[in-house]
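Observations on the model geometry
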Amino acid sequence: MGLLSDPNRRRALTSLLTRLNAPICVVCYMAGVAWFMGLAFEPFTLRTYMSENAMGSTMVEERFPSGERALATGREFSAHKKKAGGMPVDWLVKTMKDRGLEVFTQRFSRTLPFPDENKERYMVKGTNVYGILRAPRAPRTEALVLSAPCTPGDNNNQAVGLLLGLAQYFRNQVYWAKDIIFLVNEHDLIGMQAWLEAYHHTNTTGMDWSPLQGRGGSIQAALSLELSSDVITSLDLVLEGLNGQLPNLDLANLFYAFCQKIGVLCTIQGKLQRNDWDSISGYSHSVQTMMLMVMKQASGRPWGDHGLFLRYHIEAATIKGINSFRQYKTDATTIGRLLEGMYRKLNNLLERLHQSYFFYLMPSLSHFVSIGYYMPAFGLLAVILLLRALDLWVQFSTSPPRTEDGIADTEQMSNPGVLSVLTPLVISHLTGVALYALPIRFQEMAVEHFPVSETEAVVLTAIAVYTAGLALPHNTHRLLSGEGTEQGWKILKLVAVLYLAVLLGCTALINFSLGFILALNLVPIAAFITPHVPKVLSAFILVILSPACTLLFCVFFYQELVELPVSFQDGWVLYLSVISQGILDHVLYGSLVYPLIALLVYPCWLLFWNILFWK
């Protein structure tokens with residue numbers, strides 16, 4: 001406190017921060033990137049452990065014997081699905097009733113704002129079928145969910161067969177203390193969204209669905225099963241949910257513990273764990289695994305049916321069966337025993353999973369990075385914005401230069417009008433509102449006047465509005481009464497820097513991956529952009545580090561991480577598809593990434609674009 005209260009010391013400190021501001025910012029940026037890359041190094045991570053005492057031991061005896069019968073049921077389900085041309089509702093209802101479940105159906109429909117060309121659908125109508133196994137030893141106030149999506153073609157038939165086989169086996173056991181709901185949902189995430197909204201008596205997306213005739217207790221946990229082969233070489237755990245939410249880490253620990261016990265190969269992000277962490281290849285493998293999780297979490301989209309459960313504070317994950325060229329094979333009986341063991345452990349819970357972490361990154365299934373380890377990487381980037389804001393504030397507080405006769409320079413002392421600072425803020429955010437609202441509203445007009453489909457019209461309209469924002473400096477200065485002052489752009493930059501710091505900080509608290517990726521690109525331009533730098537080179541750098549180009553780079557980077565590199569033409573098609581899916585995810589499921597980019601991040605970037613061309 002003495003350092004700040006003493007005027008001489010305070011003056012010396014501010015002088016030091018002003019003089020070394022740029023070098024400190026560069027060091028902080030490099031340290032933040034280095035800290036993040038070091039998180040994948042195994043000695044810097046924590047080994048996973050079970051925090052919930054009720055699930056601390058895997059000493060249960062799994063006896064599920066009916067793997068082959070479950071596969072036969074899956075083939076029967078496939079035949080009836082082909083005959084019905086979709087979900088075989090009547091056959092599923094009869095089969096679940098034969099297994100002693102209380103069976104109910106739910107109809108739903110949804111008209112998409114524009115056609116989903118990836119899955120070739122626009123008017124979506126379907127039926128969910130679910131059966132409830134009532135708990136014989138409890139008051140039926142809690143429930144667990146096992147779901148399997150009914151997908152077109154021959155995909156996931158084995159998962160439905162195994163679900164029905166487990167339902168029959170679970171029905172003959174007497175130790176269940178929670179209701180178990182076996183759900184077969186149609187149209188993947190849309191069907192799951194309809195069922196969850198009806199179960200919790202909410203309608204946040206405007207979907208039409210029929211009320212549920214039967215329900216269990218409060219859902220404690222859920223697993224979604226995806227199997228498309230009779231023989232599985234490994235099981236992949238999918239954790240990323242809507243808006244970057246993750247389930248409690250104990251759910252992943254439970255899956256890993258039973259895989260180790262039963263002897264099933266398990267992966268995360270489709271990558272096996274390696275033991276040579278001290279080698280370059282081992283470290284690179286961990287970095288790729290962690291970066292895949294970062295990219296998926298930053299997208300904000302649910303990467304499985306489990307992703308929508310997390311919105312309702314239900315811990316959930318998706319288990320995917322992978323059939324690769326590995327020699328190691330796992331049959332349906334083994335997978336059934338793994339699921340039996342997990343549900344028996346979840347059945348022992350006395351309260352919701354809460355003792356382990358909700359914010360984490362996983363370079364492997366056996367190690368994780370907690371929020372206390374990865375947040376300093378973001379903090380080192382965020383402190384750059386605070387240092388630049390402090391530097392600008394110190395410049396405002398210094399005395400203005402004086403002329404030869406000792407009178408202060410009135411040109412330097414003149415304060416900018418409110419209009420000169422407020423106008424860029426208003427126009428930038430109006431442009432963001434246009435980017436958010438116009439693509440869907442103008443799709444019909446675009447289809448009438450141009451030879452494009454509805455989906456292409458939405459994406460191209462969004463790109464057109466985004467590009468039109470580059471003309472903002474000229475439009476802004478037409479509204480100003482005269483040219484801007486030197487103090488004017490500094491005040492605008494101070495506002496923009498503080499705005500960006502708050503925006504990135506709030507984003508990182510909700511979705512660290514998205515906040516960190518945005519900080520990597522936006523912090524450098526926010527720190528060093530001024531009207532006095534070379535215009536052409538700086539404008540090129542600003543465009544390269546803009547949100548749109550960041551998304552384009554992420555598309556190519558993700559394809560490299562999954563070892564499926566694409567050409568520029570194919571990458572551009574994927575880029576357009578990602579934009580359309582982002583808008584659809586927002587409208588259908590409530591993903592916040594698109595409105596965040598359109599209404600907040602893009603307008604903030606436009607402020608720095610305006611500063612570059614300040615007159």
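Residues numbered from 1 in each chain as written. Predicted model: local features only at pLDDT ≥ 70, side-chain atom pairs only at ≥ 80, totals over all residues. Heavy atoms only, no water.

In the annotation of an unreviewed UniProt entry, the protein is listed under the name GPI-anchor transamidase component GPAA1 and assigned to Labrus bergylta. If you open the UniProt record of the protein and go to Subcellular location (unreviewed entry), you find "Endoplasmic reticulum membrane". Its UniProt record gives the protein a comment under Subunit (unreviewed entry), which states: "Heteropentamer. Part of the GPI-anchor transamidase complex, consisting of PIGK, PIGT, PIGS, PIGU and GAA1. Interacts with PIGK." (UniProt positions renumbered as here; feature names shortened; annotations may be inferred.)

Let's shift gears to the pattern of salt bridges. With the rule as written, the count across this model stands at 13 salt bridges. Of the charged contacts, one joins arginine 134 and glutamate 102 as a salt bridge, the two residues approaching to 3.1 Å between their closest N and O atoms. Of the two residues, arginine 134 sits in the loop between β3 (121-133) and β4 (142-150) while glutamate 102 sits in strand β2 (residues 102-116), which places them 32 residues apart along the sequence. By relative accessible area, which is 32% here, glutamate 102 ends up partly exposed. Note that arginine 301 and aspartate 585 form a salt bridge whose closest N and O atoms lie 3.5 Å from each other. With a gap of 284 residues between them, arginine 301 in the loop between α9 (280-299) and β10 (315-322) and aspartate 585 in helix α21 (residues 568-589) connect regions that are remote in the sequence. (Salt bridge = Lys/Arg side-chain N within 4 Å of Asp/Glu carboxyl O. Helix = DSSP H or I, 4+ residues; strand = E, 2+ residues; numbered from the N terminus. Buried < 20%, exposed > 50% of the residue type's maximum accessible area, 1.4 Å probe, protein only.)

With 115 residues, the main nonpolar core has Phe36, Trp195, Phe309 and Phe608 as its most contacted residues. The two domains that each donate at least three residues to this core are domain 1 (60-365) and domain 2 (417-486 + 529-613). Core analysis: the second largest hydrophobic core is formed by 67 residues, Phe77, Phe170, Leu338 and Tyr343 among them. (Core = buried A, V, L, I, M, F, W, Y, C linked by side-chain atoms within 4.5 Å. Domains from an automatic or database assignment.)

Bringing the side chain of aspartate 250 into the picture now. In this structure, aspartate 250 sits in helix α8 (residues 249-262). Although aspartate 250 is buried, it forms no salt bridge, and the closest oppositely charged side chain is lysine 345 at an N-O distance of 12 Å. A distance of 3.0 Å separates the side chain of aspartate 250 from the backbone nitrogen of glutamate 52, its partner in a polar contact. Apart from the residues lying within four places of it in its own chain, the contact partners of aspartate 250 are Tyr49, Met50, Ser51, Glu52, Met55, Leu353 and Ser356. (Lys, Arg positive; Asp, Glu negative; His and termini not counted. Polar contact = N/O pair within 3.5 Å; in protein donor to acceptor, adjacent residues only side chain to side chain. Contact = heavy atoms within 4.5 Å.)

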